[in-house]
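# Geometric and topological summary
Each chain, written out:
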Amino acid sequence: MAEQLICQRCRKEPATVVSRKERFSNDCFRKFVSQKQRKQMMSDPYFQDIFKVMYQDRFRTSKEADLQNMQSTVLVPLSFGSSSLVMLDVLNDTLTEQKTTQRGKTGFQVDLIICYQTTEEKEAFKELAHNIINTRYASNKEKFKFHLIDLDSFFSSSKDCLRVVALDARGATAIKANYSVEPSNSYNLKDLLNQCTDRTTREDILSFIRRHLIKKFASQHEQRAIMWGHSMTKLADETISLIVKGRGSEIAASMDCSKFDEDYNSSFKNLFPMKDILLSEIDAFCLVAKLDEFLYDYKPQDTLLIQKVQIINDTKYSTLVKNMTVNEIARKYFDDIEGDYSNVISTVVKTANKLAEPQSLLIEKERSKKCVLCFSNIYTNGFKWLSDITINEGVPIEDDAEREIFNEWKNSTIGNKTEGYNRATELVTAHSCDVPVCYGCIIIFNRIKERRLTWPTKSKSELEGVLDECVLTDDES
Ligand SMILES: [Zn+2]
Ligand SMILES: [Zn+2]
């Protein structure tokens, strides 16, 4: 065998993957990725406490140690994309290793949460979950529990807290959001998505709903941490996308792993254990570890593999750029530079990790400083900023010619739409109060039909609302 094809780590096995200018064999590459993930899992005493096997010591009796091992549960959102699957695989290896080296004991259990939108998705996820647990993870079966959650739970679990929120754009100097008291009882996710006028808005709303449900689930089930499978590439694309969407102030909070999540009862911390691993490395892991048979709607890239395993017909970017979401454009940029300029990606993530939340909230007089839509902190008055740079006041009609043109507009499609919107807003504003909305969500509102939507009010009872959950059991196949 030629010298250059030998793994540079073990110097024995043939090299199969090239990453960060180094050649790896299958085993050495899996170890390389796995170590990066495990390093994050041991990054501070809180997480060490979760994952390590506890024994009797001066703080706890042997019974207490066993109990702690049993009750130490993490929540893993699983999308059956490459990142969450690889993360799960490393967790499974960790459990196996603990069992062998710690006389059958393990330090933690894993709750898996799978969010689905349609019945077809639910069935497909169930089958994949069933397959993976009965084959690949069969020896650690008792450590994993699968929960399937309907995304519609966002509405169904918070029926009593639903309100209609509308953006009032007619007040010439200010744009206001208002709560009305009577939302329709049958309002669901489909209605909401039908109201979105473009893909970015749809995807943004869906990813918010998914994240909210996962965190709500964690706060209800006493998991100690949520392990998000975001790769370094994904975190970089999130960072840039948040900036583009006018949500830069959310970056620090969205990546924080040090504090308990205050918005969800402060009962868990968020962890991004894959944040040092590039997406191309995760995809390569997926292929060399033969995880690809469990993927759903995802094609791993073989860019780092020495022997290409498949011809990927690249339909991913066949979408016209103008139809791509902000996140897709950011992702395409990072995908394009991942090969030669991957240090740009780590610079973006490292910089994002250094950001802190602004010191003080700027809107002092508001009753609440949280956005009613995305629940994030508001630091800048987006309404004021927008009205300062916009002229909303129309010029009064002065003569018959102008009146004629106005009437023509009024009877046109756009005119009808505007009139309809004005009437709808009037209905909402009749019984309403002003509520805070962040700049990013003002933009979302403007891309929603009639600029109003039905949304749960963030409250204790909303957080306690029972989710439509289905637990995967053995007798289901
Ligand atoms: Zn090797
Ligand atoms: Zn918001």
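- Looking at an unreviewed UniProt entry, the protein carries the name Cytoplasmic tRNA 2-thiolation protein 2, with the source organism given as Zygotorulaspora mrakii.
- Of the protein, the UniProt comment under Sequence similarities (unreviewed entry) reads exactly: "Belongs to the CTU2/NCS2 family."

## Digging into the nonpolar core
- Membership of the largest hydrophobic core comes to 118 residues, with the highest contact counts inside it found for Phe29, Phe51, Phe146, Leu192, Ile209, Met227 and Trp455.
- Of all the elements, helix 8 (residues 199-221) adds the most residues to this core, at eight residues.
- Structurally, this core is a two-domain feature, drawing no fewer than three residues from each of domain 1 (3-152 + 206-357) and domain 2 (159-187 + 361-466).
- Each residue touching Ile209, except ones within four places of it in the same chain, is listed here: Leu151, Phe154, Leu189, Leu192 and Trp455.

## Examining the environment of Arg199
- Here Arg199 lies in helix 8.
- Here the alpha-carbon distance between Arg199 and Asn323, two residues 124 residues apart in the chain, equals 7.4 Å.

## As for the packing of aromatic side chains
- Inspection of the entire model under this criterion finds 18 aromatic pairs.
- Residues Phe80 and Phe125 carry aromatic rings whose centres are separated by 5.6 Å and whose planes lie at 15° to one another, so their mutual orientation is stacked. With a gap of 45 residues between them, Phe80 in the loop between strand 3 (73-77) and helix 4 (82-101) and Phe125 in helix 5 (residues 119-134) connect regions that are remote in the sequence.
- What makes Phe80 buried here is its relative accessible area of 0%.

## Concerning the coordination of the zinc ion (ligand 1)
- Within the protein, the atoms that donate to the zinc ion (ligand 1) are Cys7 (SG), Cys10 (SG), Ser25 (OG) and Cys28 (SG), at distances of 2.2 to 2.3 Å.
- Each of the four donor atoms around the zinc ion (ligand 1) contributes to a set of angles spanning 96 to 122°, which defines the coordination as tetrahedral.
- Each donor residue of the zinc ion (ligand 1) lies on the same chain, and together they follow the pattern C-x2-C-x14-S-x2-C. Taken together, the positions of Cys7 in the segment before strand 1 (17-19) and Ser25 in the loop between strand 2 (22-24) and helix 1 (26-41) put the pair 18 residues apart, joining distant regions of the chain.
- Among the residues examined, Cys7 registers a relative accessible area of 1% and is labelled buried.
- Classification of Ser25 as buried rests on a relative accessible area of 1%.

## Side note on the coordination of the zinc ion (ligand 2)
- Bound to the zinc ion (ligand 2) on the protein side are Cys371 (SG), Cys374 (SG), Cys438 (SG) and Cys441 (SG), at distances that span 2.3 Å.
- Each donor residue of the zinc ion (ligand 2) belongs to the same chain, with the gaps between them written as C-x2-C-x63-C-x2-C. Of the two residues, Cys374 sits in the loop between helix 13 (342-354) and helix 14 (382-389) while Cys441 sits in helix 17 (residues 439-445), which places them 67 residues apart along the sequence. As far as burial versus exposure is concerned, Cys374 and Cys441 are alike and both buried.

Procedures and definitions
Residues numbered from 1 in each chain as written. Chains lettered and ligands numbered in written order. Predicted model: local features only at pLDDT ≥ 70, side-chain atom pairs only at ≥ 80, totals over all residues. Heavy atoms only, no water. UniProt positions renumbered as here; feature names shortened; annotations may be inferred. Core = buried A, V, L, I, M, F, W, Y, C linked by side-chain atoms within 4.5 Å. Buried < 20%, exposed > 50% of the residue type's maximum accessible area, 1.4 Å probe, protein only. Helix = DSSP H or I, 4+ residues; strand = E, 2+ residues; numbered from the N terminus. Domains from an automatic or database assignment. Contact = heavy atoms within 4.5 Å. Phe/Tyr/Trp six-rings, centres within 6.5 Å; stacked < 30°, edge-to-face > 60°. Donors = N, O, S within 2.8 Å, 3.2 Å for Na, K, Ca; no water. Tetrahedral: all angles 85-135°; square planar, octahedral: opposite > 155°, others 65-115°.

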